[in-house]
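# Structural description and commentary
Listed below are the residues making up each chain.
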Amino acid sequence: MNRSALLFALLISCCLLDGCIQRAPMTESEFLGFCHSASNRRGFCDSVGVCAQYMDAVGKPQKDLATCLKGCVDVRKRLIEQNHTGGCSGVIASGNDWCQRYCRTLYPE
């Protein structure tokens, strides 16, 4: 492999590892698919309903990243208050994680 090709390959590898190549925004369908499958459904705690609440909060255009992330936090707080027994804590946490990832793809810093 010649030197310029090796340098080019190294540059591309560094960009991919460091995240300097911007990814496309996550779609609503991708978010819901990831969110639904991220945590096991247990008894009364169904990830479909939890994920839908996150999407309702952030699925419409937001002012900026901070506003979108606040929507995730507000849903998380509300769900924790509603499910104070802890039976849904894993689903709520997983949904919050995916909600934040969704926001960060829509409003990169």
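Residues numbered from 1 in each chain as written. Predicted model: local features only at pLDDT ≥ 70, side-chain atom pairs only at ≥ 80, totals over all residues. Heavy atoms only, no water.

## With respect to the overall build of the protein chain
Across its full length, the protein chain carries five helices and zero strands. For the protein chain, the sequential pattern of α-helices and β-strands runs α-α-α-α-α. Scored against the burial criterion, the 109 residues of the protein chain give a buried share of 29%. Within the structure as shown, the protein chain displays about 7200 Å² of accessible surface, and the carbon and sulfur contribution to it stands at 57%. (Helix = DSSP H or I, 4+ residues; strand = E, 2+ residues; numbered from the N terminus. Buried < 20%, exposed > 50% of the residue type's maximum accessible area, 1.4 Å probe, protein only. Areas by Shrake-Rupley, 256 points an atom, 1.4 Å probe, with all protein chains shown as cover.)

## Let's talk about the packing of aromatic side chains
Within this structure, the stated rule accounts for two aromatic pairs. On the basis of an interplanar angle of 50 degrees and a centroid distance of 5.4 Å, the ring pair of Phe 31 and Tyr 102 is categorised as tilted. Residue Phe 31 is found in helix α2 (residues 28–37), and its partner Tyr 102 is found in helix α5 (residues 89–106); the two are separated by 71 residues along the sequence. Residue Phe 31 shares its accessibility class with Tyr 102, and that shared class is buried. On the basis of an interplanar angle of 20 degrees and a centroid distance of 4.6 Å, the ring pair of Phe 34 and Trp 98 is categorised as stacked. Of this pair, Phe 34 sits in helix α2 while Trp 98 sits in helix α5; the two residues are 64 residues apart in sequence, bridging distant segments of the chain. Classification of Phe 34 as partly exposed rests on a relative accessible area of 37%. Under the relative-accessibility criterion, Trp 98 is labelled buried at 16%. Over the ring of Trp 98 we find Arg 101, and its NZ or CZ is 4.3 Å from the ring centre. (Phe/Tyr/Trp six-rings, centres within 6.5 Å; stacked < 30°, edge-to-face > 60°. Lys NZ or Arg CZ within 6 Å of the ring centre and 35° of its normal.)

## Some remarks on the environment of Tyr 102
Given a relative accessible area of 4%, Tyr 102 falls into the buried group. Expressed as a C-alpha distance, the spacing of Tyr 102 and Glu 28, which sit 74 residues apart in the sequence, is 8.3 Å. Excluding residues within four positions of it along the chain, Tyr 102 makes contact with Met 26, Thr 27, Glu 28, Phe 31, Met 55, Val 58 and Gly 59. (Contact = heavy atoms within 4.5 Å.)

## Focus: the pattern of salt bridges
Under the definition given, this model contains one salt bridge. A salt bridge links Asp 74 to Lys 70, with the shortest nitrogen-to-oxygen separation between them at 2.8 Å. Taken together, the positions of Asp 74 and Lys 70, both in helix α4 (residues 65–82) and four residues apart, correspond to about one turn of that helix. Taking relative accessible area as the criterion, Asp 74 reaches 33% and is therefore assigned partly exposed. (Salt bridge = Lys/Arg side-chain N within 4 Å of Asp/Glu carboxyl O.)

## Structural notes on the nonpolar core
Judged by nonpolar contacts, the single largest core of 22 residues is most densely connected at Phe 31, Tyr 54, Val 58, Leu 79, Cys 99, Tyr 102 and Cys 103. When contributions to this core are tallied by element, the ones reaching two or more residues are α2, α3 (47–58), α4 and α5. Contact partners of Val 58, with chain neighbours within four places excluded, come to Cys 68, Gly 71, Cys 72, Cys 99, Tyr 102 and Cys 103. (Core = buried A, V, L, I, M, F, W, Y, C linked by side-chain atoms within 4.5 Å.)

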